[in-house]
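Listed here are the chains, written in short residue letters.
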Amino acid sequence: MIDTGHHGCGQAGDAYATTSVASGLVARATIAHEGGFPPMETDPMPQATLIDGKAIAAALRAQIATEIAGIKAASGLVPGLHVVLVGDDPASRVYVASKEKLAVEVGMNSVAHRLPAETTQAELLAKLAELNADNAVDGILVQLPLPKHLDTAAVIDAIDPAKDVDGLHPLNAGRLAGGKVDPEHLLVPCTPLGSMLLLKSVLPALAGLEAVVIGRSELVGRPVAQLLLQADCTVTIAHSRTKDLAAVVRRADIVVAALGRPGYVRGDWIKPGATVIDVGINRLPDGKLTGDVAFAEAVEVAGAITPVPGGVGPMTIACLLRNTLTAFKARRG
Ligand code: NAP
């Protein structure tokens, strides 16, 4: 049976609990055998703790809402999140609508700037300059991907780093890579930040653990590896050229899979008791969403694992809201 118990932010120890139950069962079977009884059938290994991203994200949003209510009561101010959407990509429209809705729910001032697909680079940069200059704007997010005629890197460079709630501006990426800023006060990409919060919900003490991150993108793999390093893990970043990926993953106490290939990480790659964060979101031909890890296999071996959907996904917008609050406090708090 999968443990679907709720795991609030910072709640300790389920992975350890599962692991110790597992070793208890093995020990019981061994003692019975040594005592002269015929070998008994061992109980099946318990399945991994399911890390409930939906519940953890809801708890984080509730915490943000409480903090914003306090700020509003004290100062009359609320953080402002501005999302810029260029064009009418249907998936992007859905994402922007959910960001708007959840930002309003936590009490933020939420504004979406919907620009036509033919918006020029100069027009988009002018919109960003206007938002950069507006003191009531705390967070600016440009929804990606942009239409092909626009230069994404130049657009991200044009966002004020103090308002860069996606954490993608080179200054914020550089600060993270430098390891000199406390991630609590830094604008860190939202999916990696969410992955770390999920990890910490089951593994509060990360120092010294062996972590393998599969994927080295700017959006996920690299920043999550930096955050794990900052948490004193021993970090390996694997990618498409890594040799014998299965052997690399078998060393890991923590596996973060962010490669974008459905079910690629197999159960027999996972070290028993390891914690698995599956960042992958892949749509199968039948329309179902699935992760990068073969969940049915991995859940039999791991100590704790995130499901897809319902794991990392819900944390991404919750962390966007958290970054907006962080940006507000740094500039106006
Ligand atoms: P990406 O830019 O395509 O990067 C994929 C990375 O995986 C690359 O570094 C690539 O290596 C590596 N890779 C690909 N095939 C591999 C293989 N066979 N073995 C080892 N490494 C391999 O993707 P991304 O933007 O980082 O996203 C990764 C996944 O996370 C996708 O499924 C995406 O949908 C999902 N995602 C989820 C969220 C969320 O909110 N949960 C947010 C963002 C992304 P090379 O560098 O060598 O090419």
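Our subject is the structure that appears above.
Below you will find a few notes about this structure. Treat the numbers as computed from the prediction; the structure is a model and nothing was measured.

Relative orientation of the contacting elements helix H7 (residues 190-202) and helix H8 (residues 221-230) amounts to 40°, with a least axis distance of 8 Å. Here H8 runs oblique to H7, going by the angle between their axes. In terms of crossing hand, the pair formed by H7 and H8 is right-handed. From H7, Pro-192, Ser-195 and Met-196 reach across to H8, where they touch Pro-223, Val-224 and Leu-227.

A separate point is the sheet that holds strand E4 (residues 139-142). Backbone-to-backbone hydrogen bonds join strands into a sheet, with any given pair of strands oriented parallel or antiparallel. Pairing within the open sheet is parallel, and its three strands lie in the order E3-E2-E4. Whereas interior strands pair on both sides, the edge strands pair on one side only; in this sheet they are strand E3 (109-115) and E4. The average angle at which neighbouring strand axes cross in this sheet is 15°, direction not considered. Judged from the seven bridges that link them, strand E2 (residues 80-86) and E3 form a sheet pairing that is parallel. Within E3, the residue paired with Val-83 across the bridge is Ala-112. Lying over the sheet, helix H3 (residues 90-105) contacts E2 and E3, oriented at roughly 170° with respect to E2.

Each value, and the rule that gives it
- Residues numbered from 1 in each chain as written.
- Predicted model: local features only at pLDDT ≥ 70, side-chain atom pairs only at ≥ 80, totals over all residues.
- Axes fitted to C-alpha atoms, helices over the stretch in contact; angles between N-to-C directions.
- Helix = DSSP H or I, 4+ residues; strand = E, 2+ residues; numbered from the N terminus.
- Parallel < 35°, antiparallel > 145°, perpendicular 65-115°, else oblique.
- Left-handed = near helix turned anticlockwise from the far one by under 90°.
- Contact = placed C-beta atoms within 7 Å.
- Pairing = 2+ DSSP bridges.

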